[in-house]
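# Descriptive analysis of the structure
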Amino acid sequence: MSKIMAVNAGSSSLKYQLLDMPSANVLCSGVIERIGLEDSIFNIEINGEKHKDILDIENHEKAVNLVLEALTKYNVVKSLDEIDGVGHRCVHGGEKFASSVVLDDEVSKTMEELSDLAPLHNPANLIGYHAFKKALANVGHVAVFDTAFHQTMEADTFVYPIPYEFYKEYGVRKYGFHGTSHLYVSERCIDLLGNPSSSKIITCHLGNGASLAAIKNGKSINTSMGLTPLAGVMMGTRSGDIDPAIITFLMDKTGKTAYEITDILNKESGMLGVSGISSDARDIEDGYNAGDERAKLTVEIYINRIVDTIGSYFVKLGGLDAIVFTAGLGENSISFREMICEKLTDALGVKLDKERNNVRGKETLISADDSKVKVYLIPTNEELVIAQDTMKLLNLK
Ligand code: ADP
């Protein structure tokens with residue numbers, strides 16, 4: 001038995017979960033927010049009991065030390081020596097990493113070199129790594145990349161139709177993200193399908209960020225995000241795919257810079273931009289039910305984008321065994337799942353069972369018995385994949 005810390009370090013946040021492996025029992029979990037700002041928020045949850053502190057946490061090193069202190073303070077572990085490994089969620093592995101790797105100084109250097117591709121995320125992931133490495137000097141570390149699962153895409157899918165030199169010189173290509181989640185839910189789905197010798201699955205990770213993946217025999221063959229997580233379907237605040245000429249058009253019209261427009265596409269678009277209400281699907285649903293026209297349009301665009309992507313992946317996969325819904329919206333929004341599946345009934349014979357679909361956050365079949373395609377709700381568990389890969393790569397039992 002081993003205890004593994006799964007870490008997700010952002011620029012001002014640190015999410016963590018200590019898992020007992022291989023049972024996958026969560027010993028504690030939490031998130032520290034507003035690191036480096038006033039009134040940082042420290043959260044830890046142990047056996048359903050939540051503790052919260054507001055204090056100034058000036059950097060990630062201090063945040064990591066607070067987490068480790070809390071582990072002994074709340075008797076999660078008797079001594080920090082009980083922690084056997086730390087797995088780090090890392091956003092961009094470029095073409096260098098097609099699977100998880102032991103995270104050492106050389107990998108850290110390569111990740112720094114890849115920071116051009118994820119300027120907000122990779123440096124933050126590395127700050128988390130260095131802080132944990134300092135605090136737990138004798139423990140092994142593993143990097144689990146968001147991009148790795150999609151490295152099985154072929155060139156006709158990942159190369160953009162722009163001058164080829166941009167790919168060769170700058171690495172401009174489709175990478176895709178949420179790979180750990182797509183991997184986890186597709187593996188669970190294959191299991192639920194009874195481990196057939198071949199399988200065609202579309203996974204829909206619908207959270208604040210959203211992406212779909214086409215998965216053939218367990219391998220990703222296409223996904224909706226691109227060079228960055230801005231591409232693909234509509235999201236909470238991100239536009240997803242738009243005509244690229246809109247950027248220069250809006251620069252001319254508004255006098256804003258390309259960076260400012262890109263910022264708007266990342267932070268003020270998607271559900272928030274169209275509805276003018278919120279980036280949260282719950283508020284959009286409320287607006288929709290209250291008859292708000294823009295909320296209605298927001299829902300329609302959101303559903304259309306997903307359905308269009310599923311249609312094209314159906315063709316690419318040459319058929320479809322199952323669709324999986326996961327992440328905040330996918331796991332919790334009964335009505336969005338229903339609206340998406342309704343649009344797939346005529347063409348693909350997808351039929352939800354209303355009773356079965358009346359569920360949140362639980363792994364279950366939600367399609368009707370006579371549906372041509374099975375539809376599952378599968379809560380994602382990226383931390384479990386991180387802990388499993390950490391065990392494997394550090395040869396832990
Ligand atoms: P992140 O991408 O930040 O990890 P999550 O996977 O936690 O996001 O998803 C968060 C989103 O899930 C919210 O913004 C909201 O749109 C959606 N969501 C959460 N709960 C519900 C619910 N009960 N009904 C509809 N949407 C929900």
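Here, the structure is the one placed above.
This next bit is on the site of the ligand. Around the ligand sit 13 residues in total, of which N208, D280, A281, G328 and L329 are the nearest. Compared with its free state, where it exposes 580 Å², the ligand has 71% of that area covered by protein. Sort the elements by how many residues they give to the shell around the ligand and helix α12 (residues 327-332) lands first, with four residues. Among the residues making up the shell around the ligand, the classes are represented as three nonpolar, six polar and four charged.

Bringing the packing of helix α7 (residues 245-254) against helix α8 (residues 258-267) into the picture now. Their axes nearest at 9 Å, the elements α7 and α8 cross at an angle of 115°. By the angle between their axes, α7 is roughly perpendicular relative to α8. The way α7 lies across α8 gives a crossing that is right-handed. Packed against α7, whose contacting residues are I247, L250, M251 and T254, the element α8 presents A258, I261 and L265 at the interface. Here the residues of the contact of α7 with α8 sort into six nonpolar, one polar and no charged.

Following M21, the chain continues into P22 via a peptide bond in cis, with omega recorded as 10°. With respect to the helices and strands, P22 occurs in the loop between β2 (14-21) and β3 (25-33). For N217, which is not glycine, the phi torsion reads 50° and is therefore positive. Relative to the helices and strands, N217 is located in the loop between β10 (210-216) and β11 (219-223). The class for N217 is partly exposed, based on a relative accessible area of 44%.

A few words on the sheet that holds strand β9 (residues 200-206). Taken in spatial order, the six strands make up an open sheet running β11-β10-β9-β12-β14-β13, and their pairing is mixed. Both outer strands of the open sheet, β11 and β13 (364-365), are each paired with one neighbouring strand and no more. Where β9 meets β10, seven bridges bridge the pair, whose relative direction is antiparallel. What sits directly across from K200, in β10, is K216.

Here N125 is to be found in helix α3 (residues 121-135). In this structure the side chain of N125 is engaged in a polar contact, spanning 2.9 Å, whose partner is the backbone oxygen of A9. Apart from residues lying up to four places away in sequence, N125 is in contact with A9, R89, C90, V91 and M111.

This part covers the sheet that holds strand β5 (residues 49-55). Here eight strands make up an open sheet; going across it, the order is β5-β4-β3-β2-β1-β6-β8-β7 and the pairing mixed. Each having just a single partner strand, β5 and β7 (101-102) make up the two edges of the open sheet. Both strand β1 (residues 2-9) and β2 contribute to a ladder of eight bridges, which runs antiparallel. Counted as the bridge partner of K3 is D20 from β2. Strand contacts of α3: β1, β2, β6 (83-90) and β8 (140-145), with the helix running at about 170° to β6, the strand carrying the most contacts.

The rules behind each value
- Residues numbered from 1 in each chain as written.
- Predicted model: local features only at pLDDT ≥ 70, side-chain atom pairs only at ≥ 80, totals over all residues.
- Heavy atoms only, no water.
- Near = heavy atom within 4 Å.
- Areas by Shrake-Rupley, 256 points an atom, 1.4 Å probe, with all protein chains shown as cover.
- Helix = DSSP H or I, 4+ residues; strand = E, 2+ residues; numbered from the N terminus.
- Nonpolar A, V, L, I, M, F, W, Y, C, P; charged D, E, K, R; others polar.
- Axes fitted to C-alpha atoms, helices over the stretch in contact; angles between N-to-C directions.
- Parallel < 35°, antiparallel > 145°, perpendicular 65-115°, else oblique.
- Left-handed = near helix turned anticlockwise from the far one by under 90°.
- Contact = heavy atoms within 4.5 Å.
- Buried < 20%, exposed > 50% of the residue type's maximum accessible area, 1.4 Å probe, protein only.
- Pairing = 2+ DSSP bridges.
- Polar contact = N/O pair within 3.5 Å; in protein donor to acceptor, adjacent residues only side chain to side chain.

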